[in-house]
Amino acid sequence: MAVYPPKQAKEPPLLERGPIAWVRHNLLSSPFNIIFTLLGIAILYMIIPPFVKWAILDAHFVGNSKADCAGGGACWIFIRAKLNMFLYGFYPHDQLWRPKVVIGTILALGAFAKFVPGLHRLKLALIVLYPVFAFILLHGGLFGLPLVETAKWGGLLLTLVIATVGIVLSFPIGILLALGRQSKLPIIKSLSVFYIEFVRGVPLITVLFMASVVLPLFFPEGVNFDKLARALIGITLFEAAYVAENIRSGFQAIPKGQYEAADALGLGYWQKMALVILPQAIKVTIPNLVGTFISLFKDTSLVMIIGLFDLLSMVTVTANDRDWLGMDTEGYVFAAFIFWIFTFSMSMYSKRLEKKLNTDKGK
Amino acid sequence: MSETNKKALGEPIIQIEKVNKWYDDFHVLKEIDLEVKRGEIVVIAGPSGSGKSTLIRCINRLEEYQEGSIKVKGVEVNNDVKNLKEIRANVAMVFQHFNLFPHLTILENLTLAPVWVYKKPKKEAIETAMHYLERVNIADQAHKYPNQLSGGQQQRVAIARALCKSPDIMLFDEPTSALDPEMIGEVLDVMISLAEEGKTMVTVTHEMGFARKVADRVIFMDAGQIVEENDPETFFHHPESERLQLFLKQILNH
């Protein structure tokens, strides 16, 4: 038998801490890893300097026409000249303040929601009222605002309208479908399963075609259902099936004991789902949900094929302008950059949300 | 000792008559007859797979049964929504794995059902919740999340949550089986104090010390049926059936 005195904690060896350890463990841990590290550096070297040269060093920023873009390098003058078309499509020039106000308002509301605590009722009311306000302002025809048909909406504005409406509406429908698929009532269950499996088996392009070409055949003659509205319905119903499957995977992560505890406490079905199961299911499925929403955001560019002009189609249109022929590359790089900013922000937001909602591991 | 201070029990509050239950072809409960009186402490023991958890989960309809009848305070336990609501309001349950809601704080776990199901004003629900949290000695953790607490603390919270709707009957389904040994005591202490207060309790447990100390009646189940029931003194010292003798030998001799 023996008794041992307490030992002092000491620092780890020099090679095992800080950046040195990181490089050793992550970049140079084996001969194989060293080869890949070198290969990676070589590839970056081949891509980054030429791109920087084209996009910044040799690029043209000043001027008014294609003539100012002599020589190699990107012609960013084109982007500046066509900026309003990229952002708002064919929205009438003298009415551009309207989309600007709509976008400004949403930013202001976002800041209000984030920085002003409490006032939940008011915030909820604003969430409900905002779409009405945005639609009236954009569409006009009321309060003396000149009418701007949805066919004239375009560019980033249209992309954002489609993505926002698609995300906001497909979410609750998806939740209902997921609940339906879990339901013990056979009819509701089979309808949900059929719907989800059918929609997931069909490409979005087909759905858009059906919404724009087939759907009007069912309406009586002379009834002209707005093309954008048809696309929105198609995209929303399409995305809802994917959202439903994401949420269902979340349900499966919830232990049976959670349902039982809610039952034993006396919660009814909707209370149990809304207060106990869904908050947890949605939380575990945030990465998947955001993945779905990001792909929805990018898929909005498919509306091009039914004749709506989103950001990407505006690039095609403007690059065909006789004064600016050959500017496709600049246009697509610009569009890619805008898409990336939005999708990357969505990813970052989802990461923050996950962290905030993560009560499982303690705080 | 339980014979010396035998307490007066009230009217029958749980009446189980000829209950049979099957999982597919497997006959899991066989002709169960059991009556529990108000204020009575019943402990159900038995080897695993004997149907004891299934039985108490039938009392609050977490499990359905196919034959027989169970009444709680005279109300038939069946699929009738009104009956179910009444039974769930009268009967609370504490689970082996606590089943706290991990996305809510301790306090929110306790006030959820009172506010949403029983429509209590939020302020009153919080007061009640704090009262029971103090009761289980855990009021200082009210604003933490379940997973920041130890198993023993979580189970005490679960007991407080069950108490918040002032149930007539508490069901305990192996409340200490998932706990580390050093935490069993703190949970049993809370249960013992509830028992002394005269709460009606039906407890499935392997803690024979608890049964000896507070039970009015101990029931031994094996293979889906009640094999023997008796007061703790007789149950532990003069078991009649061979199966109970064997069971006691297995759990007490180590």
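Residues numbered from 1 in each chain as written. Chains lettered and ligands numbered in written order. Predicted model: local features only at pLDDT ≥ 70, side-chain atom pairs only at ≥ 80, totals over all residues. Heavy atoms only, no water.

Notes on the overall build of chain A
The cut-off we apply is this: Each helix corresponds to a stretch of at least 4 residues labelled H or I by DSSP, and each strand to a stretch of at least 2 residues labelled E; elements are numbered beginning at the N terminus. Note on method: radius of gyration uses C-alpha positions; expected globular size equals 2.2 Å times residues raised to 0.38. The cut-offs for exposure are 20% and 50% of the maximum accessible area for each residue type, with area from a 1.4 Å probe on protein chains only; residues under the lower value are buried, those over the upper are exposed, and the others partly exposed.
A tally of helices and strands in chain A yields 14 helices and one strand. Its C-alpha radius of gyration of 27 Å places chain A more than 25% over the 21 Å reference for a compact globule of 363 residues. With the principal axes as the frame, chain A shows a C-alpha extent of 95 × 65 × 45 Å. Counting every position in chain A, which comprises 363 residues, the buried fraction comes to 37%.

Some words on the interface of chain A and chain B
The line we're drawing: Note on contacts: a residue pair qualifies if any of its non-hydrogen atoms lie within 4.5 Å across the two residues. In short, buried area is how much 1.4 Å probe accessible area vanishes from two parts on joining, totalled over both. Note on definitions: salt bridges are taken to be side-chain nitrogens of Lys or Arg within 4 Å of carboxyl oxygens of Asp or Glu. Two N or O atoms form a polar contact when they lie within 3.5 Å of each other; inside protein one atom must be a possible hydrogen donor and the other a possible acceptor, and for residues adjacent in sequence the pair counts only when both atoms belong to side chains.
Taken together, the 20 residues of chain A in the interface contact 23 residues of chain B. Summing both sides of the interface, chain A and chain B together bury roughly 2000 Å²; the carbon and sulfur share of this comes to 61%. There are one salt bridge connecting chain A and chain B. In this structure, Arg57 of chain B and Glu260 of chain A form a salt bridge, with 2.6 Å as the shortest nitrogen-oxygen distance. Summed over the shared surface of chain A and chain B, the result is nine residue pairs in polar contact (both at pLDDT 80 or more).

Considerations on unusual backbone geometry
Residues and elements named next belong to chain B. Residues other than glycine seldom take positive phi values, yet Lys18 does so here, at roughly 50 degrees. Summarising the element assignment, Lys18 is placed in strand S1 (residues 12–23). Residues other than glycine seldom take positive phi values, yet Lys73 does so here, at roughly 50 degrees. On the secondary structure map, Lys73 appears in the loop between strand S4 (67–72) and strand S5 (75–76).

Description of the nonpolar core
In a soluble, globular protein the nonpolar side chains are often hidden away together inside. Going by this rule: The criterion is simple. A nonpolar core is a set of buried Ala, Val, Leu, Ile, Met, Phe, Trp, Tyr and Cys residues joined through side-chain atoms within 4.5 Å.
Core analysis: the biggest nonpolar cluster contains 90 residues, and Phe251 and Leu267 of chain A together with Ile16 and Ile44 of chain B have the highest contact counts within it. With 11 residues, the single largest contributor to this core is helix H10 (residues 227–252) of chain A. Ranked by size, the runner-up nonpolar core spans 49 residues in total, among them Leu110, Ala160, Met183 and Ile192 of chain B.

Here we look at the pattern of salt bridges
On inspection of all chains with the given rule, the structure shows 20 salt bridges over all chains. The closest approach of N and O atoms between Asp33 of chain B and Lys18 of chain B, which form a salt bridge, is 3.7 Å. Here Asp33 of chain B, found in strand S2 (residues 26–37), pairs with Lys18 of chain B, found in strand S1; they are 15 residues apart in sequence, far enough to count as distant. Put simply, Asp168 of chain B and Lys73 of chain B hold a salt bridge, and the shortest N to O gap is 2.8 Å. Within this pair, whereas Asp168 of chain B is found in the loop between helix H5 (151–163) and strand S7 (169–173), its partner Lys73 of chain B is found in the loop between S4 and S5, the two being separated by 95 residues in sequence. A relative accessible area of 39% means that Lys73 of chain B is categorised as partly exposed. A network of salt bridges, in which partner residues are shared, links Arg181, Glu197, Arg200, Glu245 and Arg248 of chain A.

Description of the sheet that holds strand S9 (residues 217–222) of chain B
Two orientations exist for strands paired in a sheet by backbone hydrogen bonds: parallel and antiparallel. Residue and element names in this part refer to chain B. Definition in use: Paired strands, in this sense, are two strands between which DSSP finds at least two bridges. Convention adopted: a line fitted to C-alpha atoms gives each axis, helices being fitted over their contacting stretch, and angles between N-to-C directions are expressed from 0 to 180 degrees.
Spatial ordering of the open sheet is given by S6-S7-S8-S3-S9-S10, a layout of six strands whose pairing is mixed. Edge positions in the sheet fall to strand S6 (91–94) and strand S10 (225–230), since each has one partner strand and no second. Averaged over all neighbouring strand pairs, the angle between strand axes comes to 20 degrees, with direction disregarded. Set on the sheet, helix H6 (residues 181–197) makes contact with strand S3 (41–45), S7 and strand S8 (200–204); between it and S8 the angle comes to about 145 degrees.

Section: the domain arrangement of chain A
Rules: Domain start and stop positions are those given by an automatic or database domain assignment.
Under the domain assignment used here, chain A contains domain 1 (27–58), domain 2 (92–147) and domain 3 (152–356). The centre of domain 1 of chain A, based on its C-alpha atoms, is set 45 Å off from the matching centre of domain 2 of chain A.

Description of the packing of helix H11 (residues 256–265) of chain A against helix H12 (residues 269–299) of chain A
Residues and elements named next belong to chain A. Heads up, the condition is: What sets the label is the angle itself: under 35 degrees gives roughly parallel, over 145 gives roughly antiparallel, 65 to 115 gives roughly perpendicular, and the rest give oblique. By convention, the crossing between two helices is left-handed when the near helix turns anticlockwise from the far helix through less than a right angle, and right-handed when the turn is clockwise. Throughout, the ten residues Ala, Val, Leu, Ile, Met, Phe, Trp, Tyr, Cys and Pro are labelled nonpolar, Asp, Glu, Lys and Arg are labelled charged, and all others, Gly among them, are labelled polar.
Two numbers describe how H11 lies on H12: the axes approach to 10 Å, and their chain directions differ by 160 degrees. Regarding the angle of H11 to H12, the classification is roughly antiparallel. In terms of crossing hand, the pair formed by H11 and H12 is right-handed. The residues of H12 that touch H11, namely those facing Gln258, Tyr259, Ala262 and Asp263, are Lys272, Met273, Val276, Ile277 and Gln280. Residues belonging to the contact of H11 with H12 are distributed by class as follows: five nonpolar, two polar and two charged.

Some words on the environment of Gly140 of chain A
With respect to the element layout, Gly140 of chain A can be found in the loop between helix H6 (120–139) and helix H7 (155–182). What Gly140 of chain A contacts, discounting residues up to four positions off in sequence, is Arg98, Phe135, Leu145, Pro146 and Leu147 of chain A.

Some thoughts on the side chain of Arg57 of chain B
Assignment of secondary structure puts Arg57 of chain B in helix H1 (residues 52–59). The residues contacting Arg57 of chain B, other than those within four sequence positions of it, are Lys256 and Glu260 of chain A together with Leu62, Glu63, Met93, Phe95 and Asp173 of chain B.

Some thoughts on the packing of aromatic side chains
Centre distance and the angle of the planes are the two values used to describe a pair of aromatic rings. To keep things clear, this is the line we draw: Two rings belonging to Phe, Tyr or Trp (six-membered ring only in the last case) form a pair when the distance between their centres is within 6.5 Å. Interplanar angles under 30 degrees mark stacking, angles over 60 mark edge-to-face geometry, and anything in between is tilted. Whether a charge lies above a ring is judged from NZ of Lys or CZ of Arg, which has to be within 6 Å of the ring centre and within 35 degrees of the ring normal.
Counted under the stated rule, the structure contains 11 aromatic pairs over all chains. On the basis of an interplanar angle of 70 degrees and a centroid distance of 5.5 Å, the ring pair of Phe297 of chain A and Phe339 of chain A is categorised as edge-to-face. On the criterion of sequence distance, the pair formed by Phe297 of chain A in helix H12 and Phe339 of chain A in helix H14 (residues 328–357) is long-range, its members being 42 residues apart. Residue class for Phe297 of chain A comes out buried when judged on its relative accessible area of 3%. Judged by relative accessible area, Phe339 of chain A falls into the buried class, the value being 11%. Pairing Phe220 of chain B with Phe247 of chain B gives two aromatic rings, centres 5.0 Å apart and planes at 35 degrees, and the pair type is tilted. You can see Phe220 of chain B sitting in strand S9 and its partner Phe247 of chain B sitting in helix H9 (residues 242–252), a full 27 residues away along the chain. Side by side, Phe220 of chain B and Phe247 of chain B carry an identical accessibility label, which is buried. It is Arg61 of chain B that lies over the ring of Tyr65 of chain B; its NZ or CZ is 5.7 Å from the centre. A cation sits over an aromatic face here: Arg212 of chain B above Phe236 of chain B, 4.8 Å from the ring centre.

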